[in-house]
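# Notes for the structure review
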Amino acid sequence: MVNKERVPIDSLNPSVSEQVFIRGWIYRLRELAKTTFIILKDCSGEIQCVADSAYTRSLSLKLDQPVEIKGWVKPDSRSSRGFEIEVTEVFVFNRVSHCLPFNSSEDISEIGIDTILAYRPLSLRNHSVGDIFRIQAAILHYFRQFLWEKHFTEIVTSKIVSGGTEGGTNLFEIKYFERSAYLAQSPQFYKEQGVAGLERVFETGHVYRAEPHASSRHLTEYYSLDLELGFIEQPEEVIQLEKELLTYIFEMLNENYGDIIKRYRSQLLPKMTKVPIWEFQECLERLNQFYNRTDLTDDLDPEAERQLCQLAEAETGINALFVIGFPLSARPFYTYPRGNNGASQSFDLLFEGIEITTGGQRLHKREDLEQALRQRAIDPISFENHLQMFDMGMPPHGGLAIGLERLTSRILSLPSVKQATLYPRDRYRISP
């Protein structure tokens, strides 16, 4: 067909008096004796098209074929849009296989994740799957939008590094010319260096954890929403920032994507400004009191996270809480101590039964970092490239990291984080 101006479906105007060209996939197809009804879908919406059946039979149209339709806009009160397209010509860009395991318009709730991933482009055209990633894209947009308004600068840092930010474990080693390098497990060092130059920074990007999990909550490659800010006095300032950040994201999602949110959860997303903050030791006491648990000492397991969220919901009406004061020995070496009892200025945010954020206040003096490294039997010389940044005027600082896939899965009440990952990677999956 000759070049012409394509009209997005959501831009169609019922008052147009000339023929229009629209493109998309055949989402639904119903052929009667004389008339064929085609629901065409593009990235902006859907429209009903009406064609002569004798003509469409000659084209052997099938669901999910990409096509261009030429036709007239005709008013029709029975249509959800108040008009439809009277087809004069259909051009098929490409044929589809006869043996697709499902069509994009079907209910695919019973289709297994392996099949959905193997046919990922097809599944994305399905509303129940495609909407997950539209919500995820919106989360990213509102995350950036909020932080831009708070004087944060977005940075982009390398994902090929010479060593680990949280020690030498859980790293993916790669061959880097004549030596070894690693995939970054966190942008933490780069964020801190960004604070030393720009005061408030954030980054969104993949991080890598060589952890041998194959669970509904773990990925070896996930997308991290990181931020770091300078001139703080305590980690509660970082917590307050996250409360405001998530409240903003949730309010924007409720306002602009409420119809989608309601399909996945019984209620719209809550305000996060009143989420409680519980000390780690207080959490252990509550778990003992209400669940008779005495097995935890330096961290929380998945069951404890669910139990604590239930307790927080019973007390506050919000299925979320911040846990602060984890044992210093269980947190990275750069974590600031909380008092003199072995606790840390580190926190987690538990949201609807799962940890979605880790953050806290960091050590900002070189001598303190060197001492922390020696206490863990690590020679500070191995971190010299990073430590020298603290000689350049590093302010007190702190920050956090949010797992995008986990946040998405909780927002939409998905049973597995893999459903919120376009192409998930775990211990066993490396394709597609």
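Since the model is a prediction, treat every value here as computed from it, not as a measurement. (Residues numbered from 1 in each chain as written. Predicted model: local features only at pLDDT ≥ 70, side-chain atom pairs only at ≥ 80, totals over all residues. Heavy atoms only, no water.)

As a further point, take the sheet that holds strand β8 (residues 173–176). Reading across the sheet, the three strands line up as β7-β9-β8 and stay open at both edges, with antiparallel pairing between neighbours. Single-partner strands in this sheet number two, and they are β7 (160–161) and β8. Of the pairings in the sheet, the one linking β8 to strand β9 (residues 179–183) comprises four bridges and is antiparallel in character. Within β9, the position partnered with Tyr176 by the bridge is Arg179. (Pairing = 2+ DSSP bridges. Helix = DSSP H or I, 4+ residues; strand = E, 2+ residues; numbered from the N terminus.)

Once that is clear, we can look at the nonpolar core. Of all hydrophobic cores here, the largest spans 54 residues; its most connected members are Ile139, Leu227, Ile249, Leu253 and Ile411. For this core, the secondary structure elements donating two or more residues are α4 (127–149), β11 (221–230), α6 (236–264), β13 (320–324), β16 (346–351), β17 (354–362), β18 (397–403) and α11 (404–411). Ranked by the residues each element gives to this core, the list is headed by α6, at twelve residues. Excluding its chain neighbours within four sequence positions, the residues that come into contact with Leu253 are Ile135, Ala138, Ile139, Tyr142, Gly258, Ile261, Leu269 and Ile411. Val20, Cys49, Ile69 and Val87 belong to the second-largest nonpolar core, a separate cluster that totals 20 residues. (Core = buried A, V, L, I, M, F, W, Y, C linked by side-chain atoms within 4.5 Å. Buried < 20%, exposed > 50% of the residue type's maximum accessible area, 1.4 Å probe, protein only. Contact = heavy atoms within 4.5 Å.)

The residue Ser104 is located in the loop between β5 (83–92) and α2 (113–118) in this model. Classification of Ser104 by relative accessible area gives buried; the value is 1%. In terms of polar contacts, Ser104 uses its side chain to reach the side chain of Asp64, at 2.5 Å. In this structure, Ser104 is in contact with Tyr27, Asp64, Leu122, Arg125 and Asn126, ignoring residues within four places of it in sequence. (Polar contact = N/O pair within 3.5 Å; in protein donor to acceptor, adjacent residues only side chain to side chain.)

A few words now on the sheet that holds β17. Sheets are built from strands paired through backbone hydrogen bonds, the pairs being either parallel or antiparallel. Here eight strands make up an open sheet; going across it, the order is β6-β10-β11-β18-β17-β16-β13-β12 and the pairing mixed. With one partner strand each, in any of the chains shown, β6 (153–154) and β12 (277–279) form the two edges of the open sheet. In this sheet, strand β10 (residues 200–208) lies alongside β6 in parallel orientation, the contact comprising two bridges. In the strand pairing of β10, Thr153 is matched with Val201. Where α6 meets the sheet, its contacts fall on β11, β12, β13, β16, β17 and β18, and the angle it forms with β18 comes to roughly 35°. Set on the sheet, helix α8 (residues 302–316) makes contact with β12, β13, β16 and β17; between it and β13 the angle comes to about 115°. (Axes fitted to C-alpha atoms, helices over the stretch in contact; angles between N-to-C directions.)

As a further point, take α8. With 15 residues, α8 ought to run about 21 Å at 1.5 Å a step, and its terminal C-alpha atoms sit 21 Å apart, in line with that. Inspection of α8 places Ala304, Glu305, Gln307, Leu308, Cys309, Leu311 and Ala312 among the buried residues, and these make up the whole buried set. Buried residues belonging to α8 abut β12, α7 (280–291), β13, β16 and β17. Gly317 lies just past α8 and shows a positive phi near 85°. (Expected span 1.5 Å × (residues − 1).)

Once that is clear, we can look at the pattern of salt bridges. Inspection of the entire model under this criterion finds 30 salt bridges. The salt bridge partner of Glu282 is Arg286, with a shortest N-O separation of 2.9 Å. With a gap of four residues between them, Glu282 and Arg286 both fall in helix α7, about one helical turn apart. Taking the relative accessible area as the measure of exposure, Arg286 reaches 14% and is therefore buried. Note that Arg366 and Glu384 form a salt bridge whose closest N and O atoms lie 2.6 Å from each other. One end of the pair, Arg366, is in helix α9 (residues 366–375); the other, Glu384, is in helix α10 (residues 384–387), and 18 residues separate them in sequence. Classification of Glu384 as partly exposed rests on a relative accessible area of 26%. Here the residues in one salt-bridge network are Lys191, Asp226, Glu228 and Arg362, joined through shared partners. (Salt bridge = Lys/Arg side-chain N within 4 Å of Asp/Glu carboxyl O.)

Note that every value here comes from positions in space, so none of it alone points to a role or purpose.
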